[in-house]
Every structure is written in C-alpha cells, then in structure tokens.
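Spelled out, the chains give:
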Amino acid sequence: MAAARLFAVQGIGATGMEQVAEAAPVSKRTLYAHFRTKNDLVIAHLRDLVRSGATLEAVLTCADVAPRERIRRLFDQPAADATLVRGCPFIDAAAEFPDPESAVHSYAREQKLRMVQLIAAVVTELGCREPLALAEQLATLADGAASRAMVLNEADYGRHARAAAEVLLDRALSVEREQG
C-alpha cells in the first residue's frame, strides 16, 4: 500500500492525500471514492497492519512458540530491511491524532488495550496469577522500547527492555511458585 510506505517514511501528518494518490498511482477522485477522509485512510492502514501480521499481535498469538519466547519477541528488532526505525505505528498514529475522541486515536487505543489482553493471556499460560498487572508492565516496556528505538534510530534497542522483562517475569513467576 502506497500510504503505508509514505506513512513509514514521512509520518502520517506529513503525508498528504495528493501524495498517496500519486504514489498509488490512482486519481485523487478514486482515492477519495475509497477513503472519504485521511482519517479513513489511516484507520484502513492500521487495520491492514493488524491483518497482515505485521504487529506484535502476530508475535503474541503464535501458538507454535513457547509462551516465554513470545514475550521475549515483543522486544525483537524490526525487519533487517528497515532503513528507519519507526517505532509503534499505533503510538505514532495516536500522537499524530491527539484528540482522544478522534477515530484514529480511538482505534490506536483499542489496539493498545488488545495488546495488554494478549500479553495477559500469554503470562497466564506461564502460570501468573495476576496477569493484568504484569501485562501492563510488559506492554509499557515494549512501548517504551519502541519509542526509544525510533527516537534513537537504534533497531535493537529492545534488548534493554527484554532484559527488564526477564527480571519482571522471573520475579512474578517465582512469587507465584512461592505462594502456590
């Protein structure tokens, strides 16, 4: 999708509908026939990311990977062919559409809440009795690592958050064993 490439390189706010139409290549009329507003285009882009498996949801729901490894993969670096580290597309979208009532911000929030639920399900598989608290901590680490990686343009910045996640997991699971 032309919009996805432009959003990744330039950011959502800096990308105009005219640029998207030109890069697609389609007429502006055709583009607007499919997406009445830029908000509609951005939401379609974010939904496409989820459908394509290009988000952390794919990592968290990969049933053939052990639960602890799924948590570790939250902090993996992006694809090797990425020239720019862009961070989390949902954080980026929410930042560029700061009104919490906007459709884009609302969709980004839904995805962030879904991520916590998915992480909670994984740590439950590991035997954690308070999965939501640990899931929030791990999501905060993943989001923070993605943001810092983008700001610093350091693709493997997640290694720092992964180390902290290991400590959180060890602590949460050892407490569970002691209480169990």
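Residues numbered from 1 in each chain as written. Predicted model: local features only at pLDDT ≥ 70, side-chain atom pairs only at ≥ 80, totals over all residues. Heavy atoms only, no water.

Of the regular secondary structure elements, the protein holds 10 helices and 0 strands. Its C-alpha atoms give the protein principal-axis dimensions of about 65 × 30 × 30 Å. A burial count over the protein gives 39% of its 180 residues as buried. Relative to all contacts within the protein whose residues are 6 or more apart in sequence, the contacts with residues 24 or more apart total 61%. Accessible surface for the protein amounts to roughly 10,000 Å². Of this, 54% is attributable to carbon and sulfur atoms. For the protein, the distance from the average position of its 21 positive side-chain charges to the average position of its 24 negative side-chain charges is 2 Å. (Helix = DSSP H or I, 4+ residues; strand = E, 2+ residues; numbered from the N terminus. Buried < 20%, exposed > 50% of the residue type's maximum accessible area, 1.4 Å probe, protein only. Contact = heavy atoms within 4.5 Å. Areas by Shrake-Rupley, 256 points an atom, 1.4 Å probe, with all protein chains shown as cover. Lys, Arg positive; Asp, Glu negative; His and termini not counted. Charge placed at Lys NZ, Arg CZ, Asp CG, Glu CD.)

Next up on the list: unusual backbone geometry. Trans is the prevailing form of peptide bonds, just as negative phi is the prevailing case for residues other than glycine. The peptide bond linking Ala24 to Pro25 adopts the cis configuration, its omega dihedral lying at -20°. Note on placement: Pro25 falls in the loop between helix 2 (17–23) and helix 3 (28–34).

Moving on to the environment of Arg72. Tracing the sequence through the fold places Arg72 in helix 6 (residues 67–73). Distance in space between the C-alpha atoms of Arg72 and Glu166 is 7.9 Å, their sequence separation being 94 residues. Excluding its chain neighbours within four sequence positions, the residues that come into contact with Arg72 are Arg162 and Glu166.

A few words now on the packing of aromatic side chains. A full pass over the atoms with the stated rule returns 1 aromatic pair. When the centroid spacing of 6.4 Å and the interplanar angle of 55° are considered together, the rings of Phe90 and Tyr107 count as tilted. Here the residue Phe90 occupies a position in helix 7 (residues 89–96), and Tyr107 occupies one in helix 8 (residues 103–125), the gap between them amounting to 17 residues. (Phe/Tyr/Trp six-rings, centres within 6.5 Å; stacked < 30°, edge-to-face > 60°.)

Moving on, we get to the confidence of the model for the protein. Caution applies to low-pLDDT parts of the model: their predicted coordinates are not meant to be read in detail. Here the protein averages 91 in pLDDT, and 93% of its residues register 70 or above. Ranking the elements of the protein by mean pLDDT puts helix 10 (residues 158–179) last, at 87, and helix 8 first, at 97. (pLDDT = per-residue confidence, 0-100.)

What follows is about the side chain of His105. Looking at the secondary structure, you find His105 in helix 8. Within the structure, His105 has its side chain in polar contact with the backbone oxygen of Ala94 (distance 3.2 Å). Once residues within four sequence positions are removed from consideration, His105 is found in contact with Ala94, Phe97, Pro98, Asp99 and Pro100. (Polar contact = N/O pair within 3.5 Å; in protein donor to acceptor, adjacent residues only side chain to side chain.)

Here the focus is the environment of Leu56. If you trace the backbone, Leu56 turns up in helix 5 (residues 56–60). Note on Leu56: relative accessible area 29%, which makes it partly exposed. Beyond its immediate stretch of four places on either side in the chain, Leu56 contacts Arg73, Leu74 and Met115.

Taken together, the buried positions of helix 7 are occupied by Phe90, Asp92, Ala93 and Ala94. Buried residues belonging to helix 7 abut helix 4 (38–52) and helix 8.

What follows is about the nonpolar core. Counting 26 residues, the largest nonpolar core has Leu60, Ile71, Leu74, Ile119, Val123 and Leu138 as the members making the most contacts within it. Every element with two or more residues in this core is listed here: helix 8, helix 9 (131–152) and helix 10. With residues up to four places along the chain from it excluded, the contact list for Val123 reads Ile71, Cys128, Pro131, Leu134, Leu138 and Leu169. (Core = buried A, V, L, I, M, F, W, Y, C linked by side-chain atoms within 4.5 Å.)

Helix 7 packs onto helix 4 with a crossing angle of 170° between their chain directions and a minimal axis gap of 11 Å. Between helix 4 and helix 7, the crossing angle belongs to the class labelled roughly antiparallel. Contact residues: Leu46, Leu49 and Val50 in helix 4; Pro89, Phe90 and Ala93 in helix 7. Here the contact of helix 4 with helix 7 is built from residues that sort into 6 nonpolar, no polar and no charged. (Axes fitted to C-alpha atoms, helices over the stretch in contact; angles between N-to-C directions. Parallel < 35°, antiparallel > 145°, perpendicular 65-115°, else oblique. Nonpolar A, V, L, I, M, F, W, Y, C, P; charged D, E, K, R; others polar.)

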